[in-house]
Structures are given as structure tokens and as C-alpha cells.
Amino acid sequence: MQSGTRLGFYLLLTPLVLWLALLIVIPHIDMFLVSLRERVGVRQYETSFANYLTFFTEPLYIWTFVRTAVMSVLATIITLLIAFPVSLYIAKIARGRLGQVLFVLCLIPFYVSELVRTFGWMILLRETGLVSNLLQWAGLADQPVEMLYNDAAIMIGLVYTSMLFMVVPLVTTLESLDDSVIEAGYDLGGNGFSVLREIIIPHAAPGIVSGSIVVFMLSLGNYLTPTILGGKDSLWFTEMIYNQFIVRFNWELGAAFGFMLLILSSLIVWGMLKLTRQSLEETMG
Amino acid sequence: MTPDLECKGLTKRFGDFTAVDDVSFSVPAGSFFSILGPSGCGKTTIMRMIAGFQDPTSGDIEIKGKSVLNAPPNKRPVNMVFQHLALFPMMNIADNIGYGLRRKKLPKDQIARKVDEALDRIGLPGIGNRKVDELSGGQKQRVAIARCMVMEPDVLLLDEPLGALDLKLREHMKIELKALQTAFDTTFIYITHDQSEALVMSDQIAVMNEGRFEQTGTGRDLYYRPDSAFVAAFVGESNRWRGKIERVQGNEMEMRTDTGMLMRGATHGRSLSAGDSADIFVRPEAIRVTRDATELEQFDNRITGRVTSLLFNGAASRILVRDATANEEIEVNLPQSGEYASLARGDEVHIGWSGAQGNCFPVGAD
């Protein structure tokens, strides 16, 4: 019996281990090895940190990374600010059938591929697009307005793409908050603001943190949205990695960039967790 | 003296359903008032209306003589202990108890002092830094009460707070709650479906059924002199028979049950007349059991039968006696003085009770 359950445990563990090893650990080790190679001649390589040094000595690379990180943090904050009231409404006010319908409405855009969704935004925001025409029709603009290819367009795209990943953990944690706890908050003299600050937000903190981590990572690693909505000036770090790999055919530098992205984004998440005094264990429940 | 709480013609409808139907009552200051009723009778709705979470369809709620209908829950001088206590899991015990005081914008040192006082009072000093889930059920209970009591409410509402506790702890908390109420000298409104909780703790009990108060009185009133068949059946346990009244003479009456037993009883001033269909209730402890028929001569109801079941339950042990003629089973309390310890199934016993102990209600009046 004992050995039977043990065998079952290992059998269940195997796919996970294979998945981790084959798809995550081994490629990353390989990437890391590639990033440590310095090309000294044709087909001649030496092991060194030169590629990493390039990242730190070239201001454009660092600025692009900082810009990407700041934009991603901003996108995360904006997503949280929009998703929180939506989730609170779905979980605590609408409830039942209406709540389910609203939840599905949040989900529906994700039935369509990200590419198509992003093109949808292009149709809305381009010079001859809906918003531009609407503004002209309303007399607010006397000529076509180009709203694509700027940071605001990237931000709209990022927030829109990330919304669901914030709403799902928030709705889940908010639904687990007992109504009577909220009522007790009011009963003991709290108003809407203090109940939100002292009861609802602390309770939702794990959901806020896990949602924020996911949204931040998705934004940071997003390639499609910044490239399409931001145009050629978007200066997104993933674009830079792409360019190194595909355009410049400099795999060594691309791999180093990839690793920097992994390390720096992990550091940012760790720093945010420290700053908000949350631990990963709490967040993952 | 104005009562702490007065409800006048309180009514609440949800669509076509009337949850609370024209309920009026007043609770004097410092008393322990219980609303007792089966689940779904509307007692929680009354409590939520007093707390301000629901608005009555009509009627008025006054606290210390002032209507609170227009005050939101956070402005009412009432606090509520919720069914599942609703302690704030994200705060430690001291912050839980201090929550309401922080809302009142009291200075920090004063809050800390009051929280310590409250913890002393509930007999749990020094647990302020613990987390909610580190406490036992009974401790949480006391913290939930302390959290309300630091607010010094005019009225404390308790919504079946003992429901989640196990039996032993519940018995213990009953006594403790009553002691806390005396210690804090605050008006408690307690709702429960457990009659023993209500009977043990309350000064006044209202029995509620289908949105109405059936009867309001002390536990003793409800137990011995129920006003309606519902109260008689709901409070305590009874033998219940249905039959036809054959004779009414002054305060005395006779009724024959559908199975043919003749019952003598008293009308207790209720309007009963010959030919009426009626229910009669006789409590198991009102019936005397003996092996010797001559001991029952002072009783006007006497039956001889055989023991069909022994229901041993310590002090509350009972037997079921099957009447030889009508083939009816009667529940009888077994005296615990030892003389019936050898009683076995199939033994012949004589039972009897005084007619005045029974309560008879015309059918359809409940």
C-alpha cells in the first residue's frame, strides 16, 4: 500500500518534472551558456561576461529596459485601479447570475487572439479610425487625429490585454470575504472608505499581489502590443531581444538581454513584495 | 423610563412574501430579550432591521426613545455579534477590538487602555497580539462580544452566536453570556432557534412563527402557560393528542382523542366548547409513573399500560408507555431516584397526571 502510493506520487510528479526540465531549465541553461560566449573571430568564441558588459555600458539598452519596466509598472497600477472596482462589483454587489454574466463579459475578449484584439485597437485609434472620425464629427477636431504609435496607445493595449489576469484573482479573493465581515465593519462605525481600507483591501491583498505580479510580468514580456500599437519608436525591451536574435543575428547578446530581463524583473517583483510586506507564500495561498 | 428598544408595527415584505408581519415589542433597559423561533420565521430579518442592514417596509424602530430609521448602520447605537462572529481575520485581537474605537477617532493610548480593559473583562488578558485563527471557538466568541462592548452600545444584538460551538462549550457559554450581560449591564437582544438557550438566559422571550410574535413572556410563562398550540409544541417537549371536546364545565373540560382516550383537563380560560376539535398538550414530566395504581388516586387522568421503550438519557430519561385500550404511546419522564432502575420493556405500569397540567387549544387557532 505504502509503496503503491509512492509509485503513484512519482508517476504524477513525472510530467511536472519533465515539463520543468525540458521546457524551462534546460533551455535556460543553454541560453545562459550562449550568453557567456564572446565572439572573437569567425566561429571563434571565448567565455566571458562581455555581452553583459555591453548591456551595462550602452545607455540605450539600459534606458530601454528602465522605460519598459516603468511602463509595465504603470500598466499594472492602471489595470489594478480599473479591475478592483470591477471585481468588487462582480464579487460583492452583482452576485449570482448578474455577477456570472459580467465575469463572462470580462472573459469574452480573450476568446479572440491577442493579434486580432490589437488590430481591433488599431482600427479604433488610427488616423482614419473610429475615434478620430467621431472627434471630427463632434467638432472637437478639425483634421484627422493620429492616436497610434505613442505611449498612450501602448498603455491602452497593455491594460486591455492584462485586465482578465487582474480580475480573476481579485474576484476569487473578494468572493471569499464573508459578507458579515463587511457588515461588521459598518456595524462598528466604519464608513465605506474605512471598510475598504481596513477590511476589503487587506483581505484582497493576496489577490492584488498575485494579479499584479502576473500583469507586470505579462506587460514586461509583451512583444506584440508595444510593437503594433507603439510602432517603430516603441523601444520595448522584448523588441530589442528580438532584434538581436532575428535582425542582427547576435544570439549571444540576445541571450544576455533575455537573462537580464529575467533577473531584473525577478528583482523588481521581489522588491515590490518587500515594499508591500507581502510574502510569496501568502500570495500563492 | 423609556425602553432601550421599541419596535412599533414592524413589517418587512420581500415581494409577495411577508417576512416580518406587524411586530411590536419593547425591551426595557438592561434586560436580556430573546426572540425564539424556527429557522425562516423572520427573526434574523428583525435583527438586521434593528442593526440597519435592511429597511422595514413599514413600522418604526426606536432606540432610547429616538427613531433610528434614517440612521445608517454605522451611526446606530447598536452593535451586533454575527452568527459566525465575523471577526476580522486580517487583524490581530487587539486591532479587532479596537476597530470601532479607531472609527470613533479616539486617541491611541486611550484605545489601547480600553482594549486591555475589555480583554480583562472577558477573562482573556494579554492575548491582544494573537491572530484570530489562533483562538478557540469560545475565546473567539468572547472577543466578538468584547469588540461590540467597547463601543458601549445601547443595545447589543446577538444572532445565534452559539450555533457553531459544540454542545459542552455551548452549555458553558450560556452561563457566561448571561454573566457578561450582567457585568456590562447592557440590553441584549438574542435570537436563536434553540429553546434551551433562550430559556436559560432570557428575562423575556418572544416566540416567533411565520413573521409574527406568538407570545412574549418569561421562560416560565411560555413553558407552563403557552398562549397557542405553536408555543406549546415549540417550547419544551409534549405529548400531543388531537380530539373532540365532549364536555366543558366551568374551568374543567373533557376531551376524547381520535384514538378513543378520555382526557380530563382545564380550560385555563381559553375559549373551548363542547364539539370543538382541539389539541391537548401534556408534558412528559407532568406525568407520574408508578407500579401501584393506588398512588395515582389524586389524579384525574389515569392510564394503565406497558412499557414499549426505555429512552435512557441520564437525568432526562424517559419511557414510552403504550395505553392498553387506545393503543397510544405516551412519553413519560422517569424519576431518577432509583426505584425504576430495574424497569424493563413489557412491564406493566400505571401513569397519571392532573388535568390542570395539560394545555388544550382549539384546532385552527395557531
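Keep in mind the model is a prediction, meaning the values are calculated, not measured. (Residues numbered from 1 in each chain as written. Chains lettered and ligands numbered in written order. Predicted model: local features only at pLDDT ≥ 70, side-chain atom pairs only at ≥ 80, totals over all residues. Heavy atoms only, no water.)

Colleague: Summarise the UniProt feature "domain: ABC transmembrane type-1" (unreviewed entry) in chain A; cite the residues concerned and give the values.
Modeller: Annotation from UniProt places "domain: ABC transmembrane type-1" (unreviewed entry) at residues 65–272 of chain A. Helix makes up 79% of residues 65–272 of chain A and strand makes up 0%, while its end C-alpha atoms are separated by 17 Å. (UniProt positions renumbered as here; feature names shortened; annotations may be inferred. Helix = DSSP H or I, 4+ residues; strand = E, 2+ residues; numbered from the N terminus.)

Colleague: Could you give an account of the pairing of strand β8 (residues 187–192) of chain B, naming the residues involved and the relevant values?
Modeller: All names here are of chain B. Within β8, six of the six residues are buried, leaving the element largely enclosed by the surrounding structure. Alternating residues of β8 divide into T187, I189 and I191 and F188, Y190 and T192, and every residue in both groups is buried. Across five bridges, the pairing between strand β3 (residues 32–36) and β8 is parallel. Considered in β8, the bridge of F33 is made with I189. Where strand β7 (residues 155–159) and β8 come together, five bridges link them in parallel fashion. From the neighbouring strand, D159 faces β8, where its bridge partner is I191. One crossover worth recording links β7 to the parallel β8 by way of helix α5 (residues 167–184), and it is right-handed. (Buried < 20%, exposed > 50% of the residue type's maximum accessible area, 1.4 Å probe, protein only. Pairing = 2+ DSSP bridges. Right-handed = clockwise from strand over helix to strand, strands pointing away.)

Colleague: So what's going on with the UniProt feature "transmembrane region" (unreviewed entry) in chain A? Residues and values would help.
Modeller: All names here are of chain A. Taking the numbering used here, the UniProt-annotated feature "transmembrane region" (unreviewed entry) corresponds to residues 7–29, 60–90, 102–124, 152–171, 204–224 and 253–273. From the first C-alpha to the last, residues 102–124 spans 23 Å; its make-up is 74% helix and 0% strand. When the span residues 152–171 is considered, its composition is 100% helix and 0% strand, and the gap between its end C-alpha atoms is 27 Å.

Colleague: I'd like a description of the UniProt feature "domain: ABC transporter" (unreviewed entry) in chain B, backed by residues and values.
Modeller: On the UniProt side, "domain: ABC transporter" (unreviewed entry) is annotated at positions that read residues 5–235 of chain B here. Regarding residues 5–235 of chain B, the helix share stands at 36% and the strand share at 26%, and the terminal C-alpha atoms are separated by 25 Å.

Colleague: How would you sum up the side chain of B:N333? Please name residues and give values.
Modeller: Along the chain, the position of B:N333 falls in strand β18 (residues 329–333). Within the local environment of B:N333, its side chain forms a polar contact with the side chain of B:R318, the two groups lying 2.6 Å apart. (Polar contact = N/O pair within 3.5 Å; in protein donor to acceptor, adjacent residues only side chain to side chain.)

Colleague: For the nonpolar core, give the residues involved together with the corresponding values.
Modeller: One finds B:F25 and B:I46 to be the most contacted residues of the largest nonpolar core, which totals 94 residues. Looking at this core, the element that brings in the most residues is helix α7 (residues 151–175) of chain A, giving eight residues. Counting residues in each nonpolar core, the second largest holds 26 residues, with B:I245, B:M253, B:A278 and B:I303 among its members. (Core = buried A, V, L, I, M, F, W, Y, C linked by side-chain atoms within 4.5 Å.)

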